[in-house]
Structures are given as structure tokens and as C-alpha cells.
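Overview (structure and organization)
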Amino acid sequence: MGCLKLGVLFSGRGTNLQAILDACQDSSFPAEIALAISNKPDAPGLVRAQKANVPSSVINHKDFADRPSFEQAMNARLDEAGVELICLAGFMRLLTPTFVNHWNGRAINIHPSLLPAYPGLNTHARAINDGARFAGCTVHFLSAEMDAGPIIAQAATPISASDTPDSLAARVLEAEYEIYQRAIRWVAEGRITLHEGRVMIDGAGDDASFYLPTVNSAV
Ligand code: GRF
């Protein structure tokens, strides 16, 4: 099986990038990072890509007059690197519908909530403040509306009375790493199809695309 070429877009510390880099170390993983792009020149994730000997680029949005020209610069680099699937991993810029449509079905995102609950920022603080009993994360296809595309995989974790946004974030992050690599594997293996806006995973059991770390961590 060929190796799917990934383009990882990030803006910050890059622990999801690291998890993907680590997954790619396994020779049986059907994807590789062809290019990692940060829109911030000081993003710690850049060091992670360099340490792993993965090509990386800084495309600083501040160097461009508007979003379309910033995105055109990203597209030029992504095309040059032969990227087949974009993985957003803490990429903190809104993308225009033109960019999203260009990558339709070929771009995925990880978001730290159980979508459609809590799109946007500060998801864990909002869930705690609401008294929600579960938090989690979602891998989904990109769509023009933010944090709203078809869901590929989710993980859930209970919220305890003593949780803070930080303690919850730490627990959810561990689950993010797990479901992101599962989702990338399914895309790479060509097992994902869309039926009426819902994602089906060919050959996977019903429980493959949800993950409850304390319940079925061995799945
Ligand atoms: C993660 O929580 C991810 O879900 C969200 O941004 C955060 C990025 O963290 N989209 P990191 O840079 O991967 O450590």
C-alpha cells in the first residue's frame, strides 16, 4: 500500500503534530508527513518537525495582505510537497470557503469537544461551567462552517467535580492523539465514505470510531 502524504497545519506547541510524527515512525502506518506548516514563526511545533527530519515551512499570515493571498501561498507549498490530506492540528487561522472547497474531502481537523457541542475556543472551561458530565474530542472533515464538518471519530471522558480546564484538557489531549491517528489511518486505507453527510468506515466495527479511554482503551 502506498503512503498517504500528509500536510499538517499548526500554530503552536504541536503535541498533535508530535503524535502524528510518532505514528508515522511505525512502518505499518499508511501515511507520512510530507510537509508541516506553521503560520507562526515561533511555534514550538516547528522544533518537533525539525527533530523528526520532516520538511517544515513557516508561512506567516502577517506577511500577506489578506486571507486569500496567505492561503494561495500555503496551497503552493502543499502542492509542491504533493500533499494529499491536510491535517489541521491546532491551526488558529480561519480558512476561507475557497480554501476549504478546494480541499473538500481531503482536509480533516481535531477539535477538543464532542461536536456539535462547543465549537470554537475555551471548550473545556465552557463544558465545566455548564456542568456537562462528559467532555471529549472530535476528528471531522473540514467544512466551510467552523468545527462543523462530517464526524469521523470521537472520544469521550467523564468530567469530575474536581476537574479544571487544564486537567480536563490534559486528559482529552491523550484521547486526541489516539483518535487522530485512527482517523488518518482510515483515510489512508481508503475506508471512509460519506453517505448523506455521515461518515461510514468500511470494515470497521460500530465501536471503532468512538473511544472511551477508561472503557474500551484496548479497541
Ligand atoms: C488541541 O487541543 C486541538 O484539539 C485543538 O488545538 C489544540 C492543539 O494542541 N485544535 P497541540 O498544539 O496539538 O498541542
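The structure this text deals with has already been given above.
Because the structure is predicted, anything quoted here is derived from the model rather than measured.

1. Some points on the environment of E189
Along the chain, E189 falls in the loop between α6 (165-188) and β8 (192-195). Distance in space between the C-alpha atoms of E189 and D202 is 9.6 Å, their sequence separation being 13 residues.

2. Digging into the site of the ligand
With respect to spatial proximity, the complete set of residues near the ligand consists of R13, G14, T15, N16, G90, I110, H111, P112, L173 and E176. Between the ligand and the protein, one listed contact pairs an oxygen atom with a backbone N or O atom of N16 at 2.8 Å. In the complex, the protein chains occlude 85% of the 370 Å² of accessible area that the ligand would expose alone. Taken atom by atom, the bulk of the ligand overlaps the largest pocket. Its residues assigned to classes, the shell around the ligand shows 3 nonpolar, 5 polar and 2 charged.

3. Section: the pairing of strand β2 (residues 31-38)
On a regular strand, one side chain projects to one face of the sheet and the next to the other, so that they alternate. Most of β2 sits inside the fold, with 7 of its 8 residues counted as buried. Inspection of the sheet shows strand β1 (residues 4-10) paired to β2 by 7 bridges, in the parallel sense. Each bridged residue has a counterpart across the sheet, and for L9 the counterpart in β2 is I37. For the crossover from β1 across helix α1 (residues 15-25) to β2, the handedness is right-handed. Crossover β2 to strand β3 (residues 56-58) through helix α2 (residues 45-51) is right-handed.

4. Some remarks on the sheet that holds β3
The 8 strands lie next to each other as β3-β2-β1-β4-β5-β6-β7-β10, forming an open sheet whose pairing is mixed. The sheet terminates laterally at β3 and β10 (210-211), the two strands that pair on one side only. Where strand β5 (residues 107-111) and strand β6 (residues 134-141) come together, 4 bridges link them in antiparallel fashion. Residue pairing across strands places I110 opposite V139, the latter belonging to β6. Each of β1, β2, β4 (85-88) and β5 touches α1; the most contacted strand, β2, lies at about 155 degrees to it. Seen against the sheet, α6 touches β1, β2, β4, β5, β6, β7 (151-158) and β10 and runs at an angle of roughly 155 degrees to β7.

5. Describing the pattern of salt bridges
Taken as a whole, this structure holds 6 salt bridges when the rule is applied. The shortest N-O distance in the salt bridge between K5 and E32 comes to 3.3 Å. With K5 in strand β1 and E32 in strand β2, this pair connects stretches of sequence that are 27 residues apart. Taking the relative accessible area as the measure of exposure, K5 reaches 31% and is therefore partly exposed. With its nearest N and O atoms 3.6 Å apart, the salt bridge here joins E189 to R185. Given the relative accessible area of 25%, E189 is considered partly exposed. Residue R185 is classed as partly exposed on the basis of its relative accessible area, which comes to 26%. Via salt bridges that share partners, R185, E189 and R191 belong to a single interconnected network.

6. Regarding the environment of E178
Locating E178 in the fold gives a position in helix α6. Note on E178: relative accessible area 24%, which makes it partly exposed.

The rules we used
- Think of each chain on its own: its residues are numbered from 1, step by step along the sequence as written.
- Per-residue local features of the predicted model are confined to residues with pLDDT of at least 70, and side-chain atom pairs are confined, for both listing and counting, to 80 or more; whole-chain, interface and lining totals are unaffected and use all residues.
- Excluding hydrogens and water, the side-chain values take into account all heavy atoms of the structure.
- Counting from the N terminus, the helices are the DSSP runs of H or I reaching at least four residues and the strands are the DSSP runs of E reaching at least two.
- Nearness is judged by heavy atoms alone; a residue qualifies as near a molecule or strand once a single heavy atom is within 4 Å of it.
- Two N or O atoms form a polar contact when they lie within 3.5 Å of each other; inside protein one atom must be a possible hydrogen donor and the other a possible acceptor, and for residues adjacent in sequence the pair counts only when both atoms belong to side chains.
- Surface accessibility in these figures is a Shrake-Rupley result with a 1.4 Å probe; residues are shielded only by whichever protein chains are displayed.
- Grid spacing is 1 Å over the protein atoms alone, the probe is 1.4 Å, and a cavity is where that probe fits but cannot get out, while a pocket is an open set with protein on both sides within 12 Å along at least five of seven lines and lining residues have an atom within 4 Å of a point.
- For this analysis, a molecule is said to be in a pocket or cavity if more than half of its atoms are within 2 Å of the grid points defining it.
- Residues are grouped as follows: Ala, Val, Leu, Ile, Met, Phe, Trp, Tyr, Cys and Pro are nonpolar; Asp, Glu, Lys and Arg are charged; all remaining types, including Gly, are polar.
- Only protein chains enter the area calculation, which uses a 1.4 Å probe; residues under 20% of their type maximum are buried, those over 50% are exposed, and those in between are partly exposed.
- A pair of strands is labelled paired if DSSP reports no fewer than 2 bridges between them.
- Whether a crossover is right-handed comes down to one check: with the strands pointing away from the viewer, does the path from the first strand over the helix to the second run clockwise; if it does, it is right-handed.
- Contact between two residues is taken to exist if any of their heavy atoms lie within 4.5 Å; hydrogens are not considered.
- Where helices are involved, their axes are fitted lines through C-alpha atoms of the stretch in contact, as for all axes, and angles between N-to-C directions lie from 0 to 180°.
- By convention in these notes, a salt bridge is any Lys or Arg side-chain nitrogen within 4 Å of a carboxyl oxygen on Asp or Glu.

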